[in-house]
Amino acid sequence: MIYLDTSVALAQLLAEDRTPPPALWQQPLVSSRLLEYEAWTRVHAAGLARSHGNALRELLARLAFLELASAVLARALEPFPVNVRTLDALHLASLDFLRLQGQKPSLATYDERMASAARLLEIPLFAL
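As a starting point, this report considers the structure included with it.

Cut-offs and rules
- Residues numbered from 1 in each chain as written.
- Predicted model: local features only at pLDDT ≥ 70, side-chain atom pairs only at ≥ 80, totals over all residues.
- Heavy atoms only, no water.
- Helix = DSSP H or I, 4+ residues; strand = E, 2+ residues; numbered from the N terminus.
- Contact = heavy atoms within 4.5 Å.
- Axes fitted to C-alpha atoms, helices over the stretch in contact; angles between N-to-C directions.
- Nonpolar A, V, L, I, M, F, W, Y, C, P; charged D, E, K, R; others polar.
- Pairing = 2+ DSSP bridges.

Looking at the element boundaries, Pro28 is found in the loop between helix H1 (6–13) and strand S2 (29–32). Taking the C-alpha atoms as reference points, Pro28 and Val43, 15 residues apart in sequence, are found 24 Å from one another. Non-local contacts of Pro28, meaning those with residues more than four positions away in its chain, are made with Met1 and Ile2.

Here we take up the packing of helix H2 (residues 34–45) against helix H5 (residues 86–100). Between two packed helices, what matters for the description is the angle formed by their axes and the separation of those axes. Contact geometry for H2 and H5: axes closest at 11 Å, N-to-C directions at 145°. Contacts from Leu34, Leu35 and Glu38 in H2 reach Leu87, Leu90 and His91 in H5. Its residues assigned to classes, the contact of H2 with H5 comprises four nonpolar, one polar and one charged.

Attention now moves to the sheet that holds S2. Strand pairing within a sheet occurs via backbone hydrogen bonds; the two strands may be parallel or antiparallel. In space, the four strands of this open sheet follow the order S3-S2-S1-S4, with parallel pairing throughout. Among the strands making up the open sheet, the edge pair consists of strand S3 (63–66) and strand S4 (106–108). Neighbouring strand axes in the sheet, compared pairwise and without regard to direction, differ in orientation by 35° on average. As paired strands, strand S1 (residues 2–4) and S2 are joined by two bridges and run parallel to one another. For Ile2, the partnering residue across the bridge sits in S2 and is Leu29.

In structure tokens:
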């Protein structure tokens, strides 16, 4: 199971300089519902809803979503081994929640701060 960070979803959607390998999309993918909100906010802010809206909906349809349940939100309130941004804390808390449920997710991210925090939490990184 691969936990997809927003940075990877947006790189794929917006055809940035770096995009995830095709093999990523063959894996079971999961993310926080937060990814949906982050992606739509970026698409709207860039004025790309008409040109990229369908592609975003298709990308989102590939994912299983974790809701921001009270257990996830409670974990996000606790400290992390490094300082993290608010949205990163919510993603990391979602990853922790999956691990507490007996899952073994790896993280797909282009965000070095998020990757550093994941390493300290002993969350494996998916090779991009």
